[in-house]
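# Coordinate inspection notes
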Amino acid sequence: MSDVQTAMAAPVAPPMPAPKLGRWANANELPVIDFAPMSGTNEEAKERVAREVHDACRDIGFLTIVNHPVPPQKIAEIFRQSKRFFALPLEAKMKAYMGNSNLFRGYLPMDQPGQKKAFRGKAIEGFQPHLDPTRMKARKPHMNEAFQASIELPADDPDVLAGKPLHGHNLWPENLSGFKEAVLDYHTTMTQFAALLASVFARGLKLPPDYFAQFYKKPLIQVRLLHYLPQDQQAALEGGDSRAHQDAGGFTMLQQDDVGGLEIKSKSGEWLIVPPVENSFVVNIGDSMRMWTNNRFASTLHRVVNHYGRERYSVGIFANPDYDTVIRPLPTCVDAEHPPTFDQMLSGEALLFLYSRVWPSLGEPEKESTY
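Everything in this summary refers to the structure shown in the same document. (Residues numbered from 1 in each chain as written. Predicted model: local features only at pLDDT ≥ 70, side-chain atom pairs only at ≥ 80, totals over all residues. Heavy atoms only, no water.)

## Some points on the pairing of strand β7 (residues 251-256)
- With six of six residues buried, β7 lies mostly within the body of the structure.
- Burial along β7 is two-sided: the residues F251, M253 and Q255 and T252, L254 and Q256 are all buried.
- As judged from the four bridges shared by β7 and strand β10 (residues 281-285), these two strands associate in the antiparallel manner. Considered in β10, the bridge of T252 is made with N284.
- Pairing analysis gives six bridges linking β7 to strand β12 (residues 312-319), with the strands arranged antiparallel. (Buried < 20%, exposed > 50% of the residue type's maximum accessible area, 1.4 Å probe, protein only. Helix = DSSP H or I, 4+ residues; strand = E, 2+ residues; numbered from the N terminus. Pairing = 2+ DSSP bridges.)

Quick look at the structure:
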């Protein structure tokens, strides 16, 4: 036997897994629904649209709406104003810093979570399951910033005087002429569109078309301007994946630019990229509507992964009902095969539960507050 030993090759580390990027969704996976009949008088056509919307909400929880009533010039204007705001120096944007208010309105700098434990609100089992500590992923840097506003109420409004949570005035940047007016105008326009969409949901659920109007008399509808910087593939993926979430409110109406980046998780576990369609709205169901429909409608996990080399802008409208809305399983969504999945949930308290955990706010550190 030779005493010459053959050197063993050093172990080779396995290659890093490739980023799990999404693929483009096709029309069967993400329905595109024409809303033109909703402005006409043909009831049969309206019912057809309602069935299409119902089925999309049931099957995937996302859909794209075209030929809606929102004027293209208003969409162009809100994007123009958004770019004006985000182009301001950080010091100017911080004049409207969200942490200076307890209403979760104003400017949210890049990659800033809630900084104080001023937890508020109440939720029930099954609401916002991605916030479960056992399911939460470690946060990764995500290069996006936001500005949000809600219904603008004067100091003498009864709910403001009573100290009702989430009711009050917005924070605005200084010396940005026309910005406040444009944001509030868009909020008004989208509140009207939300009422139309809610009537379509009601039709599809075999309810009177005006059923949801009783819950949207003074709604906590929120407009959110978003600005994403481009990142390399891995960083964008990690940032997006660590923030994959389900929306909390009734439903969301999103305008995205032509960059892309919004991805939804299919039932098979694939990430599907939502194709940008000019002047369309991407609509998705939130947890409140999912629970309202006794889990018939799907509240789908989604994320933003911007690895396309360009800045991305989007504008989201979160169509939350009135604070005092008591959400119970709808009667048309309950039967022997589908018993109620919960008793009831107070909408405003559920929103407070989420907001106070994910965004900065005035409050006493380490003290849990209730209303």
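## Here's the deal with the sheet that holds β12
- Spatially, eight strands are ordered β2-β3-β10-β7-β12-β6-β5-β4 in an open sheet, and the strand pairing comes out mixed. Either end of the sheet is taken by a strand with one partner, and the two such strands are β2 (32-34) and β4 (106-108). Strand after strand, the sheet turns through a mean of 25° between neighbouring axes, direction not considered.
- Strand contacts of helix α1 (residues 43-59): β2, β3 (62-66) and β10, with the helix running at about 160° to β2, the strand carrying the most contacts. (Axes fitted to C-alpha atoms, helices over the stretch in contact; angles between N-to-C directions. Contact = heavy atoms within 4.5 Å.)

## Examining unusual backbone geometry
- With a phi angle near 70°, L166 is a residue other than glycine that sits in the positive phi range.
- Looking at the secondary structure, you find L166 in the loop between α4 (158-161) and α5 (179-204).
- Of note, N294 is a non-glycine position whose phi angle comes to about 60°, a positive value.
- Tracing the sequence through the fold places N294 in the loop between α7 (287-292) and β11 (302-304).

## As for the sheet that holds strand β8 (residues 262-265)
- Strand order in the open sheet formed by four strands is β1-β9-β8-β11, with mixed pairing between adjacent strands. Looking at strand neighbours, the two that pair on one side only are β1 (23-24) and β11, the edges of this open sheet.
- Two strands pair when backbone bridges link them, and β1 and strand β9 (residues 271-273) are joined in this way by two bridges, in the parallel orientation. Residue pairing in the sheet places W24 in a bridge with I273 of β9.

## A look at the packing of helix α2 (residues 72-86) against α5
- Two elements in contact, α2 and α5, have axes whose closest approach is 10 Å; the angle formed by their N-to-C orientations is 140°. When the axis of α2 is compared with that of α5, the two are oblique. Here the hand of the crossing between α2 and α5 comes out left-handed. Residue-level contacts link K74, I75, E77, I78, Q81, R84 and F85 of α2 to F179, A182, V183, D185, Y186 and T189 of α5.
- Tallied by class, the residues present in the contact of α2 with α5 amount to seven nonpolar, two polar and four charged. (Parallel < 35°, antiparallel > 145°, perpendicular 65-115°, else oblique. Left-handed = near helix turned anticlockwise from the far one by under 90°. Nonpolar A, V, L, I, M, F, W, Y, C, P; charged D, E, K, R; others polar.)

## As for the nonpolar core
- Membership of the largest hydrophobic core comes to 90 residues, with the highest contact counts inside it found for F35, F147, F201, F212, F251 and M253.
- Broken down by element, this core gets its largest block of residues, eleven residues, from α5.
- Every residue in contact with F212, bar those within four places of it in the chain, is listed here: A198, F201, A202, L205, M289, W292 and L330. (Core = buried A, V, L, I, M, F, W, Y, C linked by side-chain atoms within 4.5 Å.)

## Some words on the packing of aromatic side chains
- A full pass over the atoms with the stated rule returns 19 aromatic pairs.
- Ring geometry for F201 and F251: centres 5.1 Å apart, planes at 80°, overall edge-to-face. Here F251 lies in strand β7 and F201 lies in helix α5, a separation of 50 residues in the sequence.
- Of the residues examined, F201 reaches a relative accessible area of 1% and is grouped as buried.
- Taken together, the ring pairs in this structure connect F85, F86, Y107, F147, W172 and F179 into an aromatic cluster.
- Of note, R303 hangs over the ring of W271, and the distance from its end group to the ring centre comes to 4.0 Å. (Phe/Tyr/Trp six-rings, centres within 6.5 Å; stacked < 30°, edge-to-face > 60°. Lys NZ or Arg CZ within 6 Å of the ring centre and 35° of its normal.)

## Points about α2
- With 15 residues, α2 should reach 21 Å at 1.5 Å per residue; the first-to-last C-alpha distance of 22 Å fits that figure.
- Of all the positions in α2, only I75, I78, F79, Q81, S82, F85 and F86 are classed as buried. What you see down the axis of α2 is that its buried residues fit within an arc of 160°, all on one side. (Expected span 1.5 Å × (residues − 1). Arc of directions from axis to C-beta.)

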